[in-house]
Amino acid sequence: MMIEHIVLVKFKEASEGQLNEIVERLANLKDIPGVIAAQAGISMKRDHYDIGLTVRFEDEESLKNYGPHPIHQGVVAYLTEVGVKDLKVVDFEI
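1. Considerations on helix 1 (residues 16–27)
- With 12 residues, helix 1 extends 17 Å from end C-alpha to end C-alpha; this agrees with the ideal 16 Å at 1.5 Å per step.
- Within helix 1 the residues assigned to the buried category are L19, I22 and L26. Angular distribution of buried residues about the axis of helix 1 spans 55°; they occupy a single face of the element.
- Turning to helix 1, the residues buried within the fold contact strand 1 (3–11), strand 2 (35–42), strand 3 (51–57) and helix 3 (70–82).

Printed below as a string of structure tokens:
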């Protein structure tokens, strides 16, 4: 059973340049083993969240391996550096 992983991120304060950099870095998540697809973008209506991300995994084991993977950890470090205000995650089987 495949897993869909959805993430919404709101930043304390982020420039357009930083948001574009985040989207570029999130695109690299597709290179993690077990990731079928990864898509990210800047929200069209930024009053709630700034960035949306969807990642599709082959299975639950792939999702478990994703968290500690160096590419993912690099993205998390950059998000922390920019200053995350709020983050929502939902995972479900598809």
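Having seen it, we continue.
2. Comments concerning the layout of surface pockets
- One number sums up the size of the largest pocket: a volume of about 240 Å³.
- Taken together, 18 residues form the lining of the largest pocket, with V7, H72, V76, L79 and L87 sitting closest to its centre.
- Per-element tally for the lining of the largest pocket: the top contributor is helix 3, with five residues.
- Residues of the lining of the largest pocket, tallied by class, amount to 14 nonpolar, four polar and no charged.

3. Section: a negative patch on the surface
- On the surface, a cluster of negative charge is contributed by E60, E61, D91 and E93.
- Of all elements in the fold, only helix 2 (60–66) and strand 4 (84–93) reach the threshold of two or more residues within the negative patch.

4. Looking at the sheet that holds strand 1
- Reading across from one edge, 2-3-1-4 is the order of the four strands in this open sheet, with antiparallel pairing throughout. At either end of the open sheet lies a strand with only one pairing partner, and these are strand 2 and strand 4. Ignoring strand direction, the axes of neighbouring strands in this sheet form an average angle of 10°.
- Strand direction decides the pairing type here: strand 1 and strand 3, joined by seven bridges, are antiparallel. If you follow I3 over to strand 3, its bridge partner there is F57.
- The strands that helix 1 touches are strand 1, strand 2 and strand 3; relative to strand 2, the one it contacts most, it runs at about 170°.

5. Observations regarding the nonpolar core
- Membership of the largest hydrophobic core comes to 21 residues, with the highest contact counts inside it found for F11, I22, L29, V55 and Y66.
- Among the elements of the structure, strand 1, helix 1, strand 2, strand 3, helix 2 and helix 3 are those that each provide at least two residues to this core.
- Ignoring any residue separated from it by four or fewer positions in sequence, one finds Y66 in contact with H5, L29, I32, V35, L53, V55, F57 and H72.

6. Considerations on the packing of helix 1 against helix 3
- Between helix 1 and helix 3, whose axes approach to 10 Å, the crossing angle comes to 165°. The angle between helix 1 and helix 3 places the two elements in the roughly antiparallel class. With respect to the hand of their crossing, helix 1 and helix 3 are arranged in left-handed fashion. Across the interface between the two elements, Q18, E21, I22, R25 and L26 from helix 1 touch G74, V75, Y78, L79 and V82 from helix 3.
- Here the contact of helix 1 with helix 3 is composed, by residue class, of six nonpolar, two polar and two charged.

Reading the values: rules and limits
- Residues numbered from 1 in each chain as written.
- Predicted model: local features only at pLDDT ≥ 70, side-chain atom pairs only at ≥ 80, totals over all residues.
- Heavy atoms only, no water.
- Helix = DSSP H or I, 4+ residues; strand = E, 2+ residues; numbered from the N terminus.
- Expected span 1.5 Å × (residues − 1).
- Buried < 20%, exposed > 50% of the residue type's maximum accessible area, 1.4 Å probe, protein only.
- Arc of directions from axis to C-beta.
- Contact = heavy atoms within 4.5 Å.
- 1 Å grid on protein atoms, 1.4 Å probe; cavity = no way out; pocket = protein on both sides within 12 Å on 5 of 7 lines; lining within 4 Å.
- Points joined across faces, edges and corners; volume = space filled by probe spheres on them.
- Nonpolar A, V, L, I, M, F, W, Y, C, P; charged D, E, K, R; others polar.
- Patch = residues over 30% accessible without salt bridge, like charges linked within 9 Å, V, L, I, M, F, W, Y side chains within 5 Å.
- Areas by Shrake-Rupley, 256 points an atom, 1.4 Å probe, with all protein chains shown as cover.
- Salt bridge = Lys/Arg side-chain N within 4 Å of Asp/Glu carboxyl O.
- Lys, Arg positive; Asp, Glu negative; His and termini not counted.
- Charge placed at Lys NZ, Arg CZ, Asp CG, Glu CD.
- Pairing = 2+ DSSP bridges.
- Axes fitted to C-alpha atoms, helices over the stretch in contact; angles between N-to-C directions.
- Core = buried A, V, L, I, M, F, W, Y, C linked by side-chain atoms within 4.5 Å.
- Parallel < 35°, antiparallel > 145°, perpendicular 65-115°, else oblique.
- Left-handed = near helix turned anticlockwise from the far one by under 90°.

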